[in-house]
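Examining the three-dimensional arrangement
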Amino acid sequence: MRNLIISAALVAASLFGMTAQAAEAPAAPYVELTNPVPVAVPGKIEVVELFWYGCPHCYAFEPVINPWVEKLPSDVNFVRIPAMFGGPWDAHGQMFLTLEAMGVEHKVHAAVFNAIQKEHKKLTDKNDMADFLATQGVDKDKFLATFDSFAIKGKIVQARELAKKYEITGVPTLIVNGKYRFDVGSAGGAEQALQLADKLVDKERAANKAAAN
């Protein structure tokens, strides 16, 4: 009986030690997706940012991520995808996809963010969007026609499917090469998030070279 008690105590102590070690081990600042998502441009390392124009954290991330994007090497493809969780998320996401399809998103992206975040414009009605965008040089009639087009409906479906595959729950979230997901908070801050993205890009680049040899 005494031996059984001692054995039980040793097992308990062992389990406690394993638990303590597990608790002390630092958690990875990213999640590796169980099912990797194919990238948009095969042969390039992809970095995706999922965002929402109505998100103040995404707005604060803009002046940090934009200079980083401009300096990305040629083997890296950066993609913005609007998160569409219903309501204004969907309206703003459709606006982004429309501007992107028209080839003018890069010209008015900052203005749209400022209008929503600083000027407190809702921009959830397509006519209000068109009126505002007209002040930024966007053709109003073309915007409205594109906004309701079949092509944009297809892009909305695609954006929602990607968000599900990435298993995102908030924004801004970054996905590296369809494999690694993390956000500014889990990375420890905006600068740290981009440093982590750089490390994961390097990791994928090394893996690609190894696979080619």
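Overview of the structure. Model, not experiment: these values are computed from the prediction.

Relative to each other, helix 3 (residues 88-102) and helix 6 (residues 140-147) sit at 115°, their axes nearing to 9 Å. Along this stretch, helix 3 crosses helix 6, giving a crossing that reads as right-handed. Contacts from Ala91, Gln94, Met95, Thr98, Leu99, Ala101 and Met102 in helix 3 reach Lys142, Phe143, Thr146 and Phe147 in helix 6. When grouped by side-chain class, the residues that make up the contact of helix 3 with helix 6 number 7 nonpolar, 3 polar and 1 charged.

With burial as the criterion, each face of strand 4 (residues 173-176) is covered, one bearing Thr173 and Ile175 and the other bearing Leu174 and Val176. By the bridge criterion, 4 bridges tie strand 2 (residues 45-51) to strand 4 in an arrangement that is antiparallel. The partner of Val48 across the bridge, within strand 4, is Ile175. Of the strand pairs in this sheet, strand 4 and strand 5 (residues 180-183) are connected by 4 bridges, and their pairing is antiparallel. For Leu174, the partnering residue across the bridge sits in strand 5 and is Phe182.

Moving on: helix 2 (residues 56-70). In a regular helix each residue adds 1.5 Å, so 15 residues correspond to 21 Å; helix 2 covers 22 Å between its end C-alpha atoms and thus fits that length. Considering bend angle alone, the principal kink of helix 2 is centred on Glu62 and spans about 45°; proline Pro63 follows within four residues of it. Here helix 2 has its buried residues at Cys58, Phe61, Glu62, Ile65 and Trp68.

Let us now look at the packing of aromatic side chains. Taken as a whole, this structure holds 10 aromatic pairs when the rule is applied. Ring geometry for Tyr53 and Phe113: centres 4.9 Å apart, planes at 80°, overall edge-to-face. With Tyr53 in the loop between strand 2 and helix 2 and Phe113 in helix 4 (residues 105-117), this residue pair connects regions lying 60 residues apart in the sequence. Each of the two residues, Tyr53 as well as Phe113, counts as buried.

Attention now moves to the nonpolar core. Among the nonpolar cores identified, the biggest contains 45 residues, and Leu50, Met95, Leu99, Val112, Leu133, Phe143 and Tyr166 are the most heavily contacted of them. Listed by contribution, the elements that provide at least two residues to this core are strand 2, strand 3 (76-82), helix 3, helix 4, helix 5 (126-134), helix 6 and helix 7 (150-166). If you tally residues by element for this core, the top one is helix 3, at 7 residues. The residues contacting Tyr166, other than those within four sequence positions of it, are Leu33, Val37, Glu46, Val48, Leu50, Ile81, Ile175, Gly178 and Arg181. Counting 19 residues, the second-largest nonpolar core is a separate cluster that includes Ile65, Leu72, Leu196 and Ala197.

What counts, and where the lines are drawn
- Residues numbered from 1 in each chain as written.
- Predicted model: local features only at pLDDT ≥ 70, side-chain atom pairs only at ≥ 80, totals over all residues.
- Heavy atoms only, no water.
- Axes fitted to C-alpha atoms, helices over the stretch in contact; angles between N-to-C directions.
- Helix = DSSP H or I, 4+ residues; strand = E, 2+ residues; numbered from the N terminus.
- Left-handed = near helix turned anticlockwise from the far one by under 90°.
- Contact = heavy atoms within 4.5 Å.
- Nonpolar A, V, L, I, M, F, W, Y, C, P; charged D, E, K, R; others polar.
- Buried < 20%, exposed > 50% of the residue type's maximum accessible area, 1.4 Å probe, protein only.
- Pairing = 2+ DSSP bridges.
- Expected span 1.5 Å × (residues − 1).
- Bend = angle between axes of the 7 residues up to and from the residue.
- Phe/Tyr/Trp six-rings, centres within 6.5 Å; stacked < 30°, edge-to-face > 60°.
- Core = buried A, V, L, I, M, F, W, Y, C linked by side-chain atoms within 4.5 Å.

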